[in-house]
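# Results of the structural survey
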Amino acid sequence: MKYLKFDDQLNQYISKHNNQDDDLLKELRELTYQKTGRRMMISPDQAQFFRTLLALIKPKKILEIGVFTGYSSTVMARSVPDDTRIVACDISEEWTAIAKEFWIKANIDHKISLRLGNANQTLSDLIDSDNISTFDMAFIDADKISYDSYFEKAYQLLKPGGTIIIDNVLWKGTVADPERIDDDITALRQLNDKLAADPRVQSTLLPIGDGMLMIAKL
Ligand SMILES: C[S@@+](CC[C@H](N)C(=O)[O-])C[C@H]1O[C@@H](n2cnc3c(N)ncnc32)[C@H](O)[C@@H]1O
């Protein structure tokens, strides 16, 4: 098998070449650590992956499941033209208040529509209100036990040829360790197994950040 061992030296080399965070994104990352004590945002390398992907696929309608303080949505909204819309789903009013502040600061708030509430319900509402097969891209980055449900609903909402990105699918490497068992790890293993064999999609597991699945709806 042909593969690389990602030691610290190589990871630093990759990060140095992929990190394009500017002052606003650095400020958002720092403020997020200060105010929430959490590090749930995608990494700068993943942000660069999104910039490249968005330049390729030029989506007009994006679905984000898991906003947190707005790092990934800010990266995406700044990488798309003015007429692209992002429907951004999250359950936390407190965390998305920080996101809203930065969307205004970055002058991208007109591109993003925040849907507060349980994302499973929000996605069902979108399906019931004529949004089936209308999205070009979806990014899934919320509670792991709902990932399969988010995938199935996002799949319905996506146009054929659309892209779904799912974050954290390697879960710090634990998915490959048979001695590690909990509800999140089990949900992620089941989803990785399912998508590797799902004839409705082409999917690739990428070792970027905490592991991302890149999926094309056939
Ligand atoms: C990993 S963070 C998202 C990080 C964000 N994508 C970024 O890179 O900046 C996960 C988010 O999912 C949200 N979340 C968790 N369970 C949820 C649910 N049932 N419905 C909607 N959002 C949920 C949390 O409030 C949290 O903000």
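Going by what an unreviewed UniProt entry lists, the protein chain is known as Methyltransferase domain-containing protein and is assigned to Moritella marina ATCC 15381.

## Topic: the packing of aromatic side chains
For the structure shown, the criterion picks out four aromatic pairs. When the centroid spacing of 5.8 Å and the interplanar angle of 75 degrees are considered together, the rings of Phe 49 and Phe 50 count as edge-to-face. Neither residue differs from the other here; Phe 49 and Phe 50 are each classed as buried. Where Phe 151 meets Tyr 155, the ring centres are 5.9 Å apart and the plane angle is 45 degrees; that geometry is what we call tilted. Within this pair, Phe 151 and its partner Tyr 155 are both found in helix α7 (residues 147-157), separated by four residues, close to a single helical turn. With relative accessibility at 14%, the residue Tyr 155 sits in the buried group. By way of ring pairs, the aromatic residues Phe 49, Phe 50 and Phe 139 are connected into one cluster. One residue, Arg 29, lies across the ring of Tyr 71, its end atom 4.4 Å from the ring centre.

## Considering the packing of α7 against helix α8 (residues 183-196)
Packing of α7 against α8 leaves a shortest axis separation of 9 Å and a crossing angle of 35 degrees. Across the interface between the two elements, Tyr 147, Asp 148, Phe 151 and Glu 152 of α7 pack against Leu 188, Leu 191, Lys 194 and Leu 195 of α8. Broken down by class, the residue content of the contact of α7 with α8 amounts to five nonpolar, no polar and three charged.

What counts, and at which threshold
- Within any chain, residue numbers begin from 1 and follow the written order of that chain's sequence.
- Under the rules for a predicted model, residues below a pLDDT of 70 receive no local features and side-chain atom pairs below 80 are neither given nor counted, while totals for whole chains, interfaces and linings still include all residues.
- Hydrogens and water are ignored here; the side-chain numbers use all heavy atoms of the structure.
- By convention, a stacked pair of Phe, Tyr or Trp rings (six-membered ring in the case of Trp) has centres within 6.5 Å and planes under 30 degrees apart, an edge-to-face pair has planes over 60 apart, and any other such pair is tilted.
- Exposure classes here rest on a 1.4 Å probe applied to the protein chains alone. A residue is buried below 20% of its type maximum, exposed above 50%, and partly exposed in between.
- The way it works is that DSSP assigns letters per residue, a run of H or I at least four long becomes a helix, a run of E at least two long becomes a strand, and they are numbered from the N terminus.
- Whether a charge sits over a ring comes down to the Lys NZ or Arg CZ being within 6 Å of the ring centre and within 35 degrees of the ring normal.
- Throughout, an axis means a line fitted to C-alpha atoms (over the contacting stretch in the case of helices), and angles, computed between N-to-C directions, take values from 0 to 180 degrees.
- The contact criterion used is simple: two residues touch if any of their non-hydrogen atoms lie within 4.5 Å.
- Amino acids are sorted into nonpolar (Ala, Val, Leu, Ile, Met, Phe, Trp, Tyr, Cys and Pro), charged (Asp, Glu, Lys and Arg) and polar (every other residue, Gly among them).

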